[in-house]
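Architecture at a glance
Spelled out, the chains give:
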Amino acid sequence: MPRVPTIVLLTLLLAQVACAGGAPRFVPVSGGRFVSSLLDGTRTVTVRVAPFAMMEEPVTEAQFAAFVRHHPRWQRGRITPLFAGPQYLAGWRTPTDPGDAGAARRPVTGVSWFAARAYCDSLHAELPNWYQWEYAAAADATHHDARADTARRNAILAALMHATGQRPGLIGRRPANLYGLRDLNRLIWEWVGDVGALFPEADGDLGSAGSGSVLRLCGGAALAFRDPSDYALAERVAALSMLAPTDASPFVGFRCVRNPGANP
Amino acid sequence: MKRIASLLCAILLGTGLAAAGQAAESTALPPTSIYRIPPLTLIDQDGRDFTFASLAGTPRLVGMFYASCRMVCPVEIETLKRIERAVVKAGGRPVPVLLVSFDPAHDDVAALKQAARQHHVAAPEFLLTRARSGDIGMLGGVLGVSWRPLPGGGFQHNVVVALLDREGRILATDPADGRVDPAFVRAIVQQERDTH
């Protein structure tokens, strides 16, 4: 007889764990052919993006706080120096508390690439790769690819310039895009899984051996863009590519992706 | 019934002990040991399974590659062989090498075995492996190896080979680009002497 209540209790407990900090919601992103803004050397790259599911919003401070409470090895002070430097969650009141009344609606920033990766892994998800992020962020409320819209482009750049040096604003103040995704472009920069490989000339097979490690040091200088006047995108890529995976920037957060068929 | 229960207990106890063993192992490792990355299970060119952390205890060269790579990865493997020869020439003993594939979708045991045969390398001195479980991105991150699949096939990637001490701390790195760096060879010889 006591079996039923135990199961109920367990379910409740699991539900609580899942909901702590508000469980992230994933929305489907239909795939398609896509011309990347990043060049491969001087060549234009057309990619076929497979359908995927992406978190509708960036991970919030509250969600990340719930994660570090359940996974103490990712807490500030406990994390190994391999995975994060001294800036990791440096603004938090305690290792498990952001100390922010807006934590439930503010994107978490100040997290290293390793910690972002571990968070996604805990949801059986992963960081998006650059093409997935770029593809998702190219859409506005009505178009799959709104990148040529110069008014939108200027507004994104203006929003980013306004936000520089400020604490990131709150999520959800702007309408979602066509897929139902919010705050991809204007709020923060976001980690991508292949951030270390955003160098077109670092191609191991075509370039000279070891050129990748040299280009790593060269940072943004080696990057090439299809449309050099898309400053907001160039700035984002240059900023991300200059970060080491242990770095934690107050302007860099993340969201996760997973297979479109995965359970919510 | 009793049998099943005791079997269950044994399994639970066994996993409990294994988990405790792993915990003890990882706490014994220094904070900067790369063996502290989240658990990674590997399989080598001979089909042998092992955990990445189980390699602690011996100085080792660790890098990443993919088997169908036509240029840089062959250079990487051949450079490592030349480095090992230089270590022997300098009076040292070769240290074991571990390369982990970042193309697990294609690099099955047969592909790893073929690559090993092509380059005349053999386990256990020279392990070509792929992950069976765990996140190889974490290993790439701590080594400084990055990769990105190219739309036309292959990968955009760089090469970093790290010399680890027996506890998994990175002592030196090398781009394994065809050149034998005397400083890297000296670091290996020195480490090998310090250990024995």
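Predicted, not measured: the structure shown is a model, and the values here were computed from it.

1. Concerning the overall build of chain B
- The helix and strand tally for chain B stands at 5 helices and 9 strands.
- Each helix and strand of chain B, placed in order from N terminus to C terminus, yields the pattern α-β-β-β-α-β-α-β-α-β-β-β-β-α.
- Counting contacts in chain B only where the partners sit at least 6 residues apart, residues at least 24 apart contribute 70% of the total.
- For chain B, the exposed surface amounts to about 9,200 Å²; the carbon and sulfur share of it is 59%.

2. Some words on the nonpolar core
Residue and element names in this part refer to chain A.
- Counting 127 residues, the largest nonpolar core has Phe-64, Trp-74, Tyr-88 and Phe-254 as its most contacted members.
- A per-element tally of this core places helix H3 (residues 113-122) first, with 7 residues.
- Each residue touching Phe-254, except ones within four places of it in the same chain, is listed here: Pro-58, Val-59, Phe-64, Val-108, Val-111, Ala-116, Tyr-119, Cys-120, Leu-127, Ile-188, Glu-190 and Trp-191.

3. Here's the deal with the packing of H3(A) against helix H4 (residues 136-143) of chain B
- Between H3(A) and H4(B), the shortest axis-to-axis distance is 11 Å and the interhelical angle comes to 175 degrees. Put simply, H3(A) runs roughly antiparallel to H4(B). Contacts between H3(A) and H4(B) involve Trp113(A), Phe114(A), Arg117(A) and Ala118(A) from the first element and Gly137(B), Met138(B), Gly141(B) and Val142(B) from the second.
- Its residues assigned to classes, the contact of H3(A) with H4(B) comprises 5 nonpolar, 2 polar and 1 charged.

4. Examining unusual backbone geometry
- The omega torsion of the bond from Ala123(B) to Pro124(B) falls at 0 degrees, within 30 degrees of zero and hence cis.
- Following the sequence through the fold, Pro124(B) ends up in the loop between helix H3 (109-118) and strand S5 (126-133).
- One non-glycine residue, Asp183(A), lies in the positive phi region at around 60 degrees.
- Tracing the chain through its elements places Asp183(A) in the loop between helix H5 (150-163) and strand S5 (189-190).
- The exposure class assigned to Asp183(A) is buried, which follows from its relative accessible area of 13%.
- We note that His120(B) has phi near 55 degrees; this positive angle belongs to a residue other than glycine.

5. So, the sheet that holds strand S9 (residues 170-174) of chain B
Residue and element names in this part refer to chain B.
- Spatially, 7 strands are ordered S2-S1-S5-S4-S3-S8-S9 in an open sheet, and the strand pairing comes out mixed. Two strands close off the open sheet at either side, each with one partner strand: strand S2 (49-51) and S9. The average angle at which neighbouring strand axes cross in this sheet is 30 degrees, direction not considered.
- Of the pairings in the sheet, the one linking strand S1 (residues 41-44) to S5 comprises 4 bridges and is antiparallel in character. Counterpart to Thr-41 in the pairing with S5 is Ser-133.
- Contacts between helix H2 (residues 72-89) and the sheet are confined to strand S3 (60-65), strand S4 (97-101), S5, strand S8 (161-164) and S9, with S3 contributing the most and set at about 165 degrees to the helix.

6. With respect to the confidence of the model for chain A
All names here are of chain A.
- In this model, chain A carries a mean pLDDT of 85, and residues with pLDDT of at least 70 account for 82%.
- For the stretch residues 8-20, pLDDT sits under 50, and the model shows 4 contacts to residues farther than four places along the chain or on other chains.
- Low pLDDT, under 50, characterises residues 200-221; the predicted model gives this stretch 54 contacts beyond four residues in sequence or across chains.

7. Regarding the interface of chain A and chain B
- Opposite the 34 residues of chain A that make contact, chain B presents 31 residues.
- Taken together, the two surfaces of chain A and chain B that pack against each other cover about 2,400 Å², and 61% of this comes from carbon and sulfur.
- The interface formed by chain A and chain B contains 1 salt bridge.
- Here Arg117(A) ties to Asp135(B) by a salt bridge, and the two come within 2.7 Å at their closest N and O atoms.
- Taken together, chain A and chain B are joined by 7 residue pairs in polar contact (both at pLDDT 80 or more).
- Contributions of two or more residues to the side of chain A that touches chain B are made by strand S3 (46-49), H3, helix H4 (130-137) and helix H6 (211-218) of chain A.
- Sorting elements by how many residues they give to the side of chain A that touches chain B places H3(A) first, with 4 residues.
- Partitioned by chemical class, the residues of the side of chain A that touches chain B number 19 nonpolar, 8 polar and 7 charged.

8. Focus: the side chain of Arg147(A)
Residue and element names in this part refer to chain A.
- With respect to the element layout, Arg-147 can be found in the loop between H4 and H5.
- On the accessibility criterion, Arg-147 (11% relative accessible area) is buried.
- If we ignore the near neighbours within four places in the chain, the residues touching Arg-147 are Phe-34, Val-35, Ser-36, Ser-37, Glu-134, Ala-138, Arg-152, Arg-153 and Arg-226.

9. Remarks on H2(B)
All names here are of chain B.
- The terminal C-alpha atoms of H2, which comprises 18 residues, lie 25 Å apart, in line with the 26 Å expected from a rise of 1.5 Å per residue.
- If you check which residues of H2 are buried, you get Val-72, Cys-73, Pro-74, Glu-76, Ile-77, Thr-79, Leu-80, Lys-81, Ile-83, Glu-84 and Val-87.
- One or two positions beyond H2, positive phi appears at Gly-91, with a value near 90 degrees.

10. Quick word on empty space enclosed by the protein
- One pass over the full model with this rule turns up 4 cavities of 30 Å³ or more.
- Size it by volume and the largest cavity reaches roughly 180 Å³.
- Taken together, the residues of the lining of the largest cavity break down into 8 nonpolar, 1 polar and 6 charged.

Criteria and cut-off values
- Residues numbered from 1 in each chain as written.
- Chains lettered and ligands numbered in written order.
- Predicted model: local features only at pLDDT ≥ 70, side-chain atom pairs only at ≥ 80, totals over all residues.
- Heavy atoms only, no water.
- Helix = DSSP H or I, 4+ residues; strand = E, 2+ residues; numbered from the N terminus.
- Contact = heavy atoms within 4.5 Å.
- Areas by Shrake-Rupley, 256 points an atom, 1.4 Å probe, with all protein chains shown as cover.
- Core = buried A, V, L, I, M, F, W, Y, C linked by side-chain atoms within 4.5 Å.
- Buried < 20%, exposed > 50% of the residue type's maximum accessible area, 1.4 Å probe, protein only.
- Axes fitted to C-alpha atoms, helices over the stretch in contact; angles between N-to-C directions.
- Parallel < 35°, antiparallel > 145°, perpendicular 65-115°, else oblique.
- Nonpolar A, V, L, I, M, F, W, Y, C, P; charged D, E, K, R; others polar.
- Pairing = 2+ DSSP bridges.
- pLDDT = per-residue confidence, 0-100.
- Buried area = accessible area lost by both parts, 1.4 Å probe.
- Salt bridge = Lys/Arg side-chain N within 4 Å of Asp/Glu carboxyl O.
- Polar contact = N/O pair within 3.5 Å; in protein donor to acceptor, adjacent residues only side chain to side chain.
- Expected span 1.5 Å × (residues − 1).
- 1 Å grid on protein atoms, 1.4 Å probe; cavity = no way out; pocket = protein on both sides within 12 Å on 5 of 7 lines; lining within 4 Å.
- Points joined across faces, edges and corners; volume = space filled by probe spheres on them.

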